[in-house]
Amino acid sequence: MKKQFLGVVTLLSAFVLAACGGGNGDNNNDSADGEGVDLAIQTDNDDEAIDGGSLNVAVVMDTQFQGLFQREFYQDSYDNDFMEPSHEELFLMDEDMRMVDGGAANYELDEENKTGTVTLNEDLTWSDGEDVTADDYIFTHEVIGDPDYTGVRYGEDFTNIVGMDEYHAGDADEISGIEKVDDKTVTIEYKEVHPGLLQLSESVWSSALPKHDLEDIPVDEMESSDQVRKHPLSFGPYQMTNIVAGESVEYEPNEYYYGEAPKLDKLTFTVQPTDSAVESLNSKEYDLFLKMPTDNYSSYEDAEDYQMLGRDELGYNYLGFKLGEWDEDEGRVQYDPDAKMADKSLRQAMGYAIDSDAIGEKYYHGLRTDANSPIIPLFENFHDDDLEGIDYDIDKASELLDDAGYEDVDGDGIREDPDGEELTINYAVMFGGETAQPLADYNIQQWEEIGLNVELTTGRLIDFQAFYDKLENDDPDIDVYDAAWGVSSDPSPSGLFGPAEPFNYTRFESDENTELLNAIDSEASLDQDTQIENLYDWQEYVADEAYIVPTLFREEVLPVSNRVKDFDWSYDIDHSRWASVSVTSEDR
């Protein structure tokens, strides 16, 4: 599963997906219960496009972007947004989010022999004019598998490649399961085949690094290099030409692009603070507003000279509970059965105390709805609509705490733990948008209603980068946190909740959880009926164990200037959406 942090009132990861595929113009923004705001998913502009022109895009965020502009190193959805025009995925996908031929590369899985073949487009070229080759694709795997790799992509998707363990351990000079067939063809041998090898996901790495540009840089220095942060090469329709660290990126057409020539002379993406985004929209400062907050949708839904596009978001909000630490030496989570939040009745109670439907209506104008599962409804075959999950039930929350021994011993209205000791729960919330503080206050109030003393970690909301730094480093001052994941086109949850995944921020592990995840990713699950059954079993387990409590499914809104033509926000769009976009006038 591709991982990324969402960054608005968490919040992801990272990961809105910069997806490609064979597209259509159907609306794709129905909410989980079939209701929601009726918004189109592509622009409606019949005017004739002008030659060239420029397009200005706001990325609404309350922090500076990190600027890790290669897919092998980026971590959050903001950097992903900035890479969309320049860093195209290798593979296209269909409406089921499975890989199809016709893009920058084709892929074929041989289930019997447990091999996959990646064939690069003959015309695929880096933005400096050098061919994208099999050596680049192999080099990318070597970088991610290197013992000194500093990114977060190395995990079960890569250890499934034959010879990767030995290479990562420093016991081999090459990855034995990866073979160069010719300059444009690579075969990969897998230990196991599973459904993720058919999806556009990290199970088959969908990008490449330019070997000729990076091979002389030590792997542990690549992330901080100019080749990643200032002058990244890419093979999308545009190339990054001017990066102002943390603030903006300018793009010009990539003259070597293998697909349809881009229409614009220039693109500019600029950070736009949340608190001034609506004012900026009303002033017509930008053509598009990515990551536009939905909490104040009513204040801009009728903005003059803009069309509002909408779609289901590949992501969900959740409450996460810290239950252990990451063991760097072992490369896996270390679950602590004695952690403060180890009692699942306590976790369940905190989930039952929150009225997510009311939050979705009051704060997000129906653009978010109660989430019953970490498998989003966009995966129609895999999401369990009938799963009860943890719905709002304040009486049940109190009953759970009573039965688990959390009692108010001293009569002050606040429960002590089962040993009669004072219980203070530290709650981490990320800064972002107008609703972050009132929602945090609401949750704390609801938990107080069931007798729990919950306080904000640091006493206030936390900056996006600092928030995830604390999660990654298992800050002991975090017991529960409000976050969200952006997910990929692979419904498998293993990349977020597996025992050897750094993104498993709860640090939860159990034999049953691992068995269920392994079943989802097994060869048997290549049969879709079996895959569905295994995913349903895991969803039931999560609802009971409650190491995370999903809270909100999300719809996202994209304001687009009426002068923009041929912008398609579909997930299964054909090639890069930025290659076809144009403008019909010089001014907004």
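For the structure, check the block above.
Scoring rules and cut-offs
Residues numbered from 1 in each chain as written. Predicted model: local features only at pLDDT ≥ 70, side-chain atom pairs only at ≥ 80, totals over all residues. Heavy atoms only, no water. Helix = DSSP H or I, 4+ residues; strand = E, 2+ residues; numbered from the N terminus. Rg over C-alpha atoms; globule rule 2.2 N^0.38 Å. Lys, Arg positive; Asp, Glu negative; His and termini not counted. Charge placed at Lys NZ, Arg CZ, Asp CG, Glu CD. Phe/Tyr/Trp six-rings, centres within 6.5 Å; stacked < 30°, edge-to-face > 60°. Buried < 20%, exposed > 50% of the residue type's maximum accessible area, 1.4 Å probe, protein only. Lys NZ or Arg CZ within 6 Å of the ring centre and 35° of its normal. 1 Å grid on protein atoms, 1.4 Å probe; cavity = no way out; pocket = protein on both sides within 12 Å on 5 of 7 lines; lining within 4 Å. Points joined across faces, edges and corners; volume = space filled by probe spheres on them. Pairing = 2+ DSSP bridges. Axes fitted to C-alpha atoms, helices over the stretch in contact; angles between N-to-C directions. Parallel < 35°, antiparallel > 145°, perpendicular 65-115°, else oblique. Left-handed = near helix turned anticlockwise from the far one by under 90°. Contact = heavy atoms within 4.5 Å. Nonpolar A, V, L, I, M, F, W, Y, C, P; charged D, E, K, R; others polar. Salt bridge = Lys/Arg side-chain N within 4 Å of Asp/Glu carboxyl O. Arc of directions from axis to C-beta.

Enquirer: Residues and numbers for the overall build of the protein chain, please.
Expert: In terms of helices and strands, the protein chain carries 17 helices and 23 strands. For a compact globule of 588 residues, the expected C-alpha radius of gyration is about 25 Å, and the protein chain comes in at 23 Å, within 12% of that figure. Dimensions along the principal axes, computed over C-alpha positions, put the protein chain at roughly 75 × 60 × 45 Å. Across the protein chain, the mean location of the 34 positive side-chain charges is 4 Å away from that of the 141 negative side-chain charges.

Enquirer: Help me get a handle on the packing of aromatic side chains, residues and values and all.
Expert: Counting across every chain of the model gives 30 aromatic pairs. Arranged with centres 5.7 Å apart and planes meeting at 45°, the rings of Phe 73 and Tyr 149 form a pair that is tilted. In this pair, Phe 73 sits in the loop between strand S3 (54-60) and helix H1 (77-83) while Tyr 149 sits in the loop between helix H2 (134-145) and helix H3 (156-159), placing the two residues 76 residues apart along the sequence. The same class applies to Phe 73 as to Tyr 149, namely buried. Aromatic side chains Tyr 78 and Phe 464 sit 5.1 Å apart centroid to centroid with 65° between the ring planes, which places their arrangement in the edge-to-face category. One end of the pair, Tyr 78, is in helix H1; the other, Phe 464, is in helix H13 (residues 464-472), and 386 residues separate them in sequence. Accessibility expressed as a relative area gives 2% for Tyr 78, which makes it buried. An aromatic cluster of at least three residues, connected via ring pairs, comprises Phe 65, Phe 69, Phe 82, Tyr 251, Phe 269, Phe 567 and Trp 578. The ring of Tyr 364 has Arg 368 sitting right over it, with the charged end atom 4.0 Å from the ring centre.

Enquirer: Kindly report on the layout of surface pockets, identifying the contributing residues and their values.
Expert: Estimated volume of the largest pocket: approximately 1,100 Å³. Lining the largest pocket are 41 residues, with Tyr 154, Gly 155, Ala 500, Glu 501 and Pro 502 positioned closest to its centre. Looking at the lining of the largest pocket, the elements with two or more residues in it are H3, helix H4 (164-168), helix H14 (494-497) and helix H15 (511-520).

Enquirer: Summarise the sheet that holds strand S6 (residues 105-110); cite the residues concerned and give the values.
Expert: A sheet is described by the order of its strands in space; here four strands give the open sequence S6-S7-S9-S8, paired in antiparallel fashion. A single partner strand is all that each edge strand has here, and the edge strands are S6 and strand S8 (178-182). Along the sheet, successive strands turn relative to each other by an average axial angle of 20°, direction set aside. As defined by bridge partners, strand S7 (residues 115-120) adjoins strand S9 (residues 185-189) across five bridges and the pair is classed as antiparallel. In the sheet register, Val 118 faces S9, and the bridge partner there is Val 186.

Enquirer: Quick rundown of the packing of helix H10 (residues 356-364) against helix H12 (residues 436-449)? Include the residues and the values.
Expert: Between H10 and H12, whose axes approach to 12 Å, the crossing angle comes to 155°. Between H10 and H12, the interaxial angle falls into the category roughly antiparallel. Of the two possible hands of crossing, H10 and H12 adopt the one that is right-handed. Counting all contacts with H10, which are made through Ile 359, Tyr 363 and Tyr 364, the residues of H12 involved are Pro 438, Leu 439, Tyr 442 and Asn 443.

Enquirer: Which residues make up the packing of helix H9 (residues 344-352) against helix H11 (residues 394-404), and what values go with them?
Expert: Contact geometry of H9 with H11 gives a least axis separation of 8 Å together with a crossing angle of 165°. It follows that H9 is roughly antiparallel to H11 by the angle criterion. Taken as a pair, H9 and H11 cross one another with a handedness that is left-handed. In this structure, H9 uses Ser 345, Leu 346, Gln 348, Ala 349 and Tyr 352 to contact H11, whose residues at the interface are Ile 394, Lys 396, Ala 397, Leu 400, Leu 401 and Ala 404. In terms of residue class, the contact of H9 with H11 is built from eight nonpolar, two polar and one charged.

Enquirer: Describe the environment of Leu 197, listing the residues and the values that go with them.
Expert: Its place among the elements puts Leu 197 in the loop between S9 and helix H5 (211-214). Separated by 356 residues in the primary sequence, Leu 197 and Phe 553 place their C-alpha atoms 26 Å from one another.

Enquirer: Could you give me a rundown of the pattern of salt bridges, with the residues and numbers involved?
Expert: Close approach of charged atoms lets side chains of opposite charge pair. Throughout the structure, instances matching the rule amount to 23 salt bridges. One salt bridge in this structure joins Asp 287 and Arg 588, with 2.8 Å as the shortest N-O distance. With Asp 287 in the loop between helix H8 (277-282) and strand S13 (288-290) and Arg 588 in the segment after strand S23 (582-583), this pair connects stretches of sequence that are 301 residues apart. A network of salt bridges, in which partner residues are shared, links Asp 135, Lys 180 and Asp 183.

Enquirer: Got a sec to walk through H11? Specific residues and values, please.
Expert: Among all positions of H11, only Ile 394, Ala 397, Ser 398, Leu 400, Leu 401 and Ala 404 are buried. Taken down its axis, H11 places every buried residue within 155° of arc, on the same side. The exposed residues of H11 that point more than 90 degrees off its buried face are Asp 395 and Asp 403.

Enquirer: Mind laying out the pairing of strand S14 (residues 306-321), listing which residues take part and the relevant values?
Expert: The element S14 is largely enclosed, with a buried count of 16 among its 16 residues. Inspection of the sheet shows S14 paired to strand S21 (residues 548-561) by 12 bridges, in the antiparallel sense. The partner of Leu 309 across the bridge, within S21, is Leu 558. The pairing of S14 with strand S20 (residues 480-486) spans seven bridges and is classified as antiparallel. Counted as the bridge partner of Gly 315 is Gly 486 from S20.

Enquirer: Describe the pairing of S21, and please don't skip the residues or the numbers.
Expert: Counting buried positions along S21 gives 14 out of 14 residues, so the element sits mostly inside the fold. Across three bridges, the pairing between strand S17 (residues 368-370) and S21 is antiparallel. Residue pairing for S21: Thr 369 is matched across the bridge by Phe 553.

Enquirer: Let's hear about the side chain of Thr 551: which residues, and what values?
Expert: By the element assignment, Thr 551 lies in strand S21. On the accessibility criterion, Thr 551 (9% relative accessible area) is buried.

Enquirer: Account for unusual backbone geometry, naming residues and giving values.
Expert: Peptide bonds are trans in most cases, and residues, glycine excluded, mostly fall at negative phi. Despite not being glycine, Lys 114 shows a phi value in the positive range, around 55°. With a relative accessible area of 24%, Lys 114 lands in the partly exposed category. Phi is positive for Ala 546, close to 55°, though the residue is something other than glycine. For Ala 546, the location among the structural elements is in the loop between helix H16 (528-545) and S21.

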